[in-house]
Amino acid sequence: MANLGGTASVEIAAPIEKVWAVVEDVLSAPEWQGGLDAMSAIERDGSGRPTLVETENDIKVRRVKARVRFRYDGPTRLEWTQEKGDLKSVEGAWELADLGGGRTRATYRLDADPGRVLGLVIRGPVETATRALFVNGRPAELKRRVEG
């Protein structure tokens, strides 16, 4: 059965605070993350950051919706967990490391279980293409967004 998990990293020519500002702004993610079509805040924390959001993704074989809970531990970690949605489970994180000299390593982690039915559809080339978009491509998208 398909699993959309994986980890990918990239070095970004920007200080960690600048990278964190992009990662922390979760509602702007559809502007720069492919396949992520919409996000809207349902709940916010005391700082006004979205903690529970509704998402809509295009995973190539169909559109999926989810309610995702975010946890902020800036400027080094943003985590999320699906609380309700079309996939069986989703957990992910951005992990940032200050490399010094105005450089940051950004690591994207995702563990997504599409469930039995959708997992049967997401196989072979479709699974590879979906993983390329939703895991392997994320750090490069962040790099382009931060570096301009």
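Here's a quick rundown of the structure. (Residues numbered from 1 in each chain as written. Predicted model: local features only at pLDDT ≥ 70, side-chain atom pairs only at ≥ 80, totals over all residues. Heavy atoms only, no water.)

A word on the overall build of the protein
The number of helices and strands found in the protein is four helices and seven strands. Going from the N terminus to the C terminus, the protein shows its helices and strands as β-α-β-β-β-β-β-β-α-α-α. By the burial criterion, 43% of the 148 residues in the protein qualify as buried. Considering only intrachain contacts with a sequence separation of at least 6, the fraction spanning at least 24 residues in the protein is 52%. (Helix = DSSP H or I, 4+ residues; strand = E, 2+ residues; numbered from the N terminus. Buried < 20%, exposed > 50% of the residue type's maximum accessible area, 1.4 Å probe, protein only. Contact = heavy atoms within 4.5 Å.)

Quick word on helix α4 (residues 138-147)
Inspection of α4 places Arg138, Pro139, Glu141, Leu142 and Val146 among the buried residues, and these make up the whole buried set. One face of α4 carries all of its buried residues, which in axial projection span an arc of 160°. Just downstream of α4 lies Gly148, where phi reads positive at about 80°. (Arc of directions from axis to C-beta.)

Describing the pattern of salt bridges
Counted by the stated rule, this structure contains 13 salt bridges. As a salt-bridge pair, Arg145 and Glu31 come within 2.8 Å of each other at their nearest N and O atoms. Placement of the pair is Arg145 in helix α4 and Glu31 in the loop between α1 (16-24) and β2 (36-44), with a sequence separation of 114 residues. We classify Glu31 as exposed; its relative accessible area is 59%. (Salt bridge = Lys/Arg side-chain N within 4 Å of Asp/Glu carboxyl O.)

Regarding the sheet that holds strand β5 (residues 77-85)
Taken in spatial order, the seven strands of this open sheet run β1-β7-β6-β5-β4-β3-β2, and their pairing is antiparallel. Either end of the sheet is taken by a strand with one partner, and the two such strands are β1 (6-12) and β2. This sheet shows a mean twist of 20° between the axes of neighbouring strands, independent of strand direction. Pairing analysis gives eight bridges linking strand β4 (residues 63-73) to β5, with the strands arranged antiparallel. Note on β5: the bridge partner recorded for Ala66 is Gly85. Running over the sheet, α1 touches β1, β4, β5, β6 (89-100) and β7 (103-113) and is turned about 165° from β6. (Pairing = 2+ DSSP bridges. Axes fitted to C-alpha atoms, helices over the stretch in contact; angles between N-to-C directions.)

Comments concerning the packing of aromatic side chains
Taken as a whole and judged by the stated rule, the model has four aromatic pairs. Measuring from centroid to centroid gives 6.4 Å for Trp32 and Trp94, while their planes differ by 40°, and the two rings are tilted. Note that Trp32 is positioned in the loop between α1 and β2 and Trp94 in strand β6, a separation of 62 residues in sequence. Of the two residues, Trp32 and Trp94, both sit in the buried class. The interplanar angle of 50° and the centroid separation of 6.1 Å between the aromatic rings of Phe70 and Trp80 together place this pair among those described as tilted. A residue pair is termed long-range when its members are at least 10 positions apart, and Phe70 in strand β4 and Trp80 in strand β5 qualify at ten residues. For the pair shown, Phe70 and Trp80 are each scored as buried. An aromatic cluster is present here, built from Trp32, Phe70, Trp80, Trp94 and Tyr108 joined pairwise through their rings. Positioned over the ring face of Tyr72 is Arg49, at 4.3 Å from the centre of the ring. (Phe/Tyr/Trp six-rings, centres within 6.5 Å; stacked < 30°, edge-to-face > 60°. Lys NZ or Arg CZ within 6 Å of the ring centre and 35° of its normal.)

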